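Structural description and commentary
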Amino acid sequence: MKRIIQIRGANATGKTTIVRQFIDRHDLKMAWKDINGVKTPFYVSDDKKIVILGRYDRKTGGCDLFKGKTQIVSSIMYAVKELKAETIIFEGFIYGKSFTFAHDLNSLAKIIGYKFIGIVLTRSF
């Protein structure tokens, strides 16, 4: 199954930690690609089946430094079209209209033959 996975949750719920652990366990390599004129970081498996958007080589991880949802969508489309990724994971992108963006991603995923999966991490006080 081809899938786009968004890991979301409040600060300090473990989003970045869980993705870092995934990167380590699957020995993903960091790469950079100019996507629509923006130098974009991502991690990729040797067979290019797994792509994780964002940076995890610094304290602030994920897509926090991405320039809005356009860069997220452009990066997803690069992973789909050029890398032929089967699993695309991202987290850390802060946006105000979370339902709208998730709905739009779900619609895009259906069009391109992927399943959109939203994972929400929570924690107690």
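Cut-offs and rules
Residues numbered from 1 in each chain as written. Predicted model: local features only at pLDDT ≥ 70, side-chain atom pairs only at ≥ 80, totals over all residues. Heavy atoms only, no water. Buried < 20%, exposed > 50% of the residue type's maximum accessible area, 1.4 Å probe, protein only. Helix = DSSP H or I, 4+ residues; strand = E, 2+ residues; numbered from the N terminus. Arc of directions from axis to C-beta. Contact = heavy atoms within 4.5 Å.

**A look at helix α1 (residues 15–25)**
Residues of α1 that are buried include every one of K15, T16, V19 and I23, and no others. Mapping the buried residues of α1 onto a view down its axis gives an arc of 90°, with all of them on the same face. Summarising the geometry of α1, the exposed residues directed more than 90 degrees from the buried face are D24 and R25. In this structure, the buried residues of α1 make contact with β1 (3–9), β3 (38–44), β4 (50–53), β5 (87–91) and β6 (115–121).

**Looking at the environment of C63**
Among the secondary structure elements, C63 is positioned in the loop between β4 and α2 (69–81). It is 13 Å that separates the C-alpha atoms of C63 and K39, two residues lying 24 residues apart in sequence.

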